[in-house]
Amino acid sequence: MTEVGETEVGESRRAGQAAAALCVAAVMLAVATVALDLANHGRVPPQAELDAGWSAVLSGLAQTLPGLLLLRRLPRHPVAWVLTLNGLLWIVDGFASTWAAYAIYTSPGLPGAAAAYWFYSRFGAMLLLGLPLLILLFPDGRLVRARLWRWLSLASLALTSVLPLLLVVVPVDVMIRYHDAALPPEITRLPLDPFGIDLPYAVWEPIMRFAYAAVLVSLVIPFAVTVHRYRAAGSERRAQIRWLMWAALVDMFVLLIPLENPPAVGAIVFGLAIALTSAAIVGAVTKHRLYAIDRLLPATFLYGVLALLVVAVDLAVFALAGGVLGERDAALAAIAVVAVVYAPLRSRLWRAARRLVRGSRDDPYATVATLAERLESAADPDEQLRAVARTLAEAFRLPYVRVEIGQRAIVEYGRQTGPTIALPVGYRGEPVGQLVLCPGDGSSLSERDQRLLGDLARQAAAAARASELSTELQRGRSRLVAAREEERRRIRRDLHDSLGPSLGAVALRIETARNLARSAPDEADRMLDQATAEVASVLADVRRLVHDLRPPALDELGLVRAIEQQAERFRLSGLQVRVEAVPLGPLPAGVEVAAYRIASEALTNVARHAAASRCEIRLAIGAGPALELSVTDDGVGIGEQTAAGVGMVSVRERAAELGGVCSVTSPAGGGTVVEVRLPLDAVPEVLHV
């Protein structure tokens, strides 16, 4: 065992021994306090303001025992020490109250009466310091790092300490006059000012007012600090703070419910609330089942509100109907009203609480309907993506959602506060992007949540695909316009630079021949021969232009025989080419041209690069309907690292222009297979009827 390990074991052993000793001391004081309370029963006048100590002991044990458990596991954690020492202070305060009552009224003359009463009435105010200190150190035992918030935290602790320190030195007669409450002579005869400072009441009064007001102000800052911690925290830290929020919610409901009669009931409920708060703090600090709070918090809110409403209904019915109907009938009326109101109110409050904590994921239909409505009202694809991101964030209470297409972020919603997870988004089997989510509070996704996320992701896929297609459509339109203008420029250039001068030269020669016909018939004949040759050249240029616009063979022979004609040219060079086709029927002109160009380009690639001896071309009409074209050779194939050449890029672009697909593969047996599928409904016009 290493030296560090031995040190940790020794420290853990000492912490366990200290915790055991403190536990024994706390239990002994608690037992002694209860025994003295039983002896004091009925002997202490109300004017003495000496409460039974068992209620303070109960609250103290509710803090000390969880604090000792935490201390054994984390012996250096400040929260464990604050919880333990504050609980012990409560127990000592309860014992001091009980001993003072016992020594003054039950067995007068016993020692320690003045010290016990002074500790209970003066030093007991130190109990006020425990709660803000615990909140400011929760959950890691350190004050907040931000400078402003750290100074505010220190200021809060200073303001809270003003009253306890002041009560140590203020004279008892000043306290009696300030609170306008006289003490019994048995207490006023005791020496209660061991540290009192004799100052005029006119000096003490404003100081006392400031001290009491400072306590109220100082309690606001710790809660503001907690809100700041939560906003700046990661998922795990947020879950810890939500446990403290749950404890505060329980305490709030306990304080709001009127449980004054009998007093013992209120004291017991208050002690149980403190015990739940201490247990929540221990669980949060030790990170035990952190994310169970996601279900506990809305349930607590629901039943707390229902309890308050039931009490309010009871009080209202008793107040209104008690004087008219009598106490028994008023009770029956209260039960009837609660029964009628409870059921529908419970379901509504449950949905509201769950939505507040977990978002709208528990109502999948409403979530999908909200997304559908937002998608329908979106003006453009980018707005649709924003609707998807917003709906996901609201449904799962996510602080950050990003919708990506390819490698670029399209839409971001919220602010990233921690690690993210990426979910692929596919559309019809093809990946189109991904969703990047920041869980934030770290709440886990149940199987139902994952199904809802899948449904929303499919909507995101459709929206993402719409955005991608919109972008591609715009790019396609731009390319079509550019290609059209480029083609017009090429045709204009050919007509202007080739056909124009050639026809002009022909006209000039014919005119010259006419002038020479009588005087030099031989020279005129020579001029006409030259004009004839130039006309033939012009006709060749016209045929070339026409062929570039649309191969004449398609109109003269049809697609299959036009491809056969192309294949015949390659057969002359020694390549065996076979063309197989079923009756194709009338085809759109665009599909015919694309298929002819693709087959020609594929044959050219086979002849130039494949070193093949055989090539087979198949044409058929497939489902869709679509024209299916395949060109197969027995050549050397295409390597995995081989970049596509200009010819294959042209083949893919021609297929994509018509909404088709093109694949180029190299089977294991060798050779290359070019497969193209061209939808027939992409170009509705049909040339042959």
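Placed above this text is the structure.
Everything quoted here is computed from the prediction, not taken from an experiment.

Attention now moves to the pairing of strand E5 (residues 576-581). Across 6 bridges, E5 lies against strand E6 (residues 614-622) in parallel orientation. Within E6, the position partnered with Val577 by the bridge is Cys615. With helix H21 (residues 589-610) bridging E5 and the parallel E6, this β-α-β connection has left-handed handedness.

Our focus in this paragraph is the side chain of Thr106. Among the structural elements, Thr106 can be located in helix H3 (residues 78-106). The class for Thr106 is buried, based on a relative accessible area of 17%. Within polar-contact distance, the side chain of Thr106 engages the side chain of Asn40 at 2.4 Å. Once residues within four sequence positions are removed from consideration, Thr106 is found in contact with Ala39, Asn40, Arg43 and Ala101.

Considering all chains together, one arrives at 4 aromatic pairs under this definition. Taking the centre distance of 5.8 Å and the plane angle of 55 degrees together, the rings of Trp118 and Phe195 count as tilted. Of this pair, Trp118 sits in helix H4 (residues 113-121) while Phe195 sits in the loop between helix H8 (185-188) and helix H9 (201-218); the two residues are 77 residues apart in sequence, bridging distant segments of the chain. On the basis of relative accessibility, which here comes to 14%, the residue Trp118 falls in the buried class. When the centroid spacing of 5.8 Å and the interplanar angle of 5 degrees are considered together, the rings of Tyr178 and Tyr212 count as stacked. Linking Tyr178 in helix H7 (residues 172-179) with Tyr212 in helix H9, this pair joins segments that are 34 residues apart in sequence. Looking at Tyr212, the relative accessible area reads 27%, which means it is partly exposed. By way of ring pairs, the aromatic residues Phe95, Trp99 and Tyr102 are connected into one cluster. Sitting above the plane of the Tyr201 ring, Arg177 keeps its charged end 4.0 Å from the centroid.

Within the largest apolar cluster, 38 residues are counted, with the highest numbers of intra-cluster contacts made by Leu559, Val577, Ile617, Leu619, Leu627 and Val676. If near-sequence neighbours (up to four positions away) are discounted, Leu619 is found in contact with Leu559, Ile563, Val579, Glu580, Ala581, Val582, Leu584, Leu627, Glu628 and Leu629. Within the second largest apolar cluster, 35 residues are counted, among which are Phe119, Leu163, Val169 and Trp204.

Between its first and last C-alpha, helix H6 (residues 147-169) extends 33 Å over 23 residues, near the 33 Å set by a 1.5 Å rise per residue. Buried residues along H6 sit in contact with H4, helix H5 (127-137), H7, H9 and helix H10 (220-232).

Turning to the side chain of Thr33, a few remarks are in order. Along the chain, Thr33 turns up in helix H1 (residues 3-40). Accessibility expressed as a relative area gives 0% for Thr33, which makes it buried. Excluding residues within four positions of it along the chain, Thr33 makes contact with Gly53, Trp54, Val57, Gly94, Phe95 and Thr98.

With that settled, consider the packing of H5 against H6. It is at 9 Å that the axes of H5 and H6 come closest, and there the two elements cross at 170 degrees. In terms of their interaxial angle, H5 and H6 are classed as roughly antiparallel. Packed against H5, whose contacting residues are Leu128, Leu129, Pro132, Leu133 and Leu136, the element H6 presents Ser153, Leu157, Thr160, Ser161 and Leu163 at the interface. In the contact of H5 with H6, the residues fall into 7 nonpolar, 3 polar and no charged.

We now examine the pattern of salt bridges. Side chains carrying opposite charge are able to pair once their charged atoms draw close together. As enumerated under the stated definition, the model contains 13 salt bridges in all. Where Arg618 meets Glu580, a salt bridge forms, and the shortest distance between an N and an O atom there is 3.4 Å. Taken as a pair, Arg618 in strand E6 and Glu580 in strand E5 lie far apart in primary sequence, 38 residues in all. For Arg618, a relative accessible area of 38% puts it in the partly exposed group. Assessed through its relative accessible area of 30%, Glu580 is described here as partly exposed. What you see here is one network of salt bridges that share partners, running through Asp140, Arg142, Arg229 and Arg237.

Moving on, we come to the sheet that holds E6. Taken together, 5 strands build an open sheet; the order of strands is E5-E6-E7-E9-E8 and the sheet is mixed. Strand pairing shows two members of the sheet lacking a second neighbour, E5 and strand E8 (661-665), which therefore form its edges. Direction aside, neighbouring strands of the sheet carry axes that sit 10 degrees apart on average. Contacting E5, E6, strand E7 (626-633) and strand E9 (672-679), H21 crosses the sheet at an angle of about 10 degrees to E7.

Each value, and the rule that gives it
Residues numbered from 1 in each chain as written. Predicted model: local features only at pLDDT ≥ 70, side-chain atom pairs only at ≥ 80, totals over all residues. Heavy atoms only, no water. Pairing = 2+ DSSP bridges. Helix = DSSP H or I, 4+ residues; strand = E, 2+ residues; numbered from the N terminus. Right-handed = clockwise from strand over helix to strand, strands pointing away. Buried < 20%, exposed > 50% of the residue type's maximum accessible area, 1.4 Å probe, protein only. Polar contact = N/O pair within 3.5 Å; in protein donor to acceptor, adjacent residues only side chain to side chain. Contact = heavy atoms within 4.5 Å. Phe/Tyr/Trp six-rings, centres within 6.5 Å; stacked < 30°, edge-to-face > 60°. Lys NZ or Arg CZ within 6 Å of the ring centre and 35° of its normal. Core = buried A, V, L, I, M, F, W, Y, C linked by side-chain atoms within 4.5 Å. Expected span 1.5 Å × (residues − 1). Axes fitted to C-alpha atoms, helices over the stretch in contact; angles between N-to-C directions. Parallel < 35°, antiparallel > 145°, perpendicular 65-115°, else oblique. Nonpolar A, V, L, I, M, F, W, Y, C, P; charged D, E, K, R; others polar. Salt bridge = Lys/Arg side-chain N within 4 Å of Asp/Glu carboxyl O.

As far as function goes, none of this settles anything; it's purely spatial.
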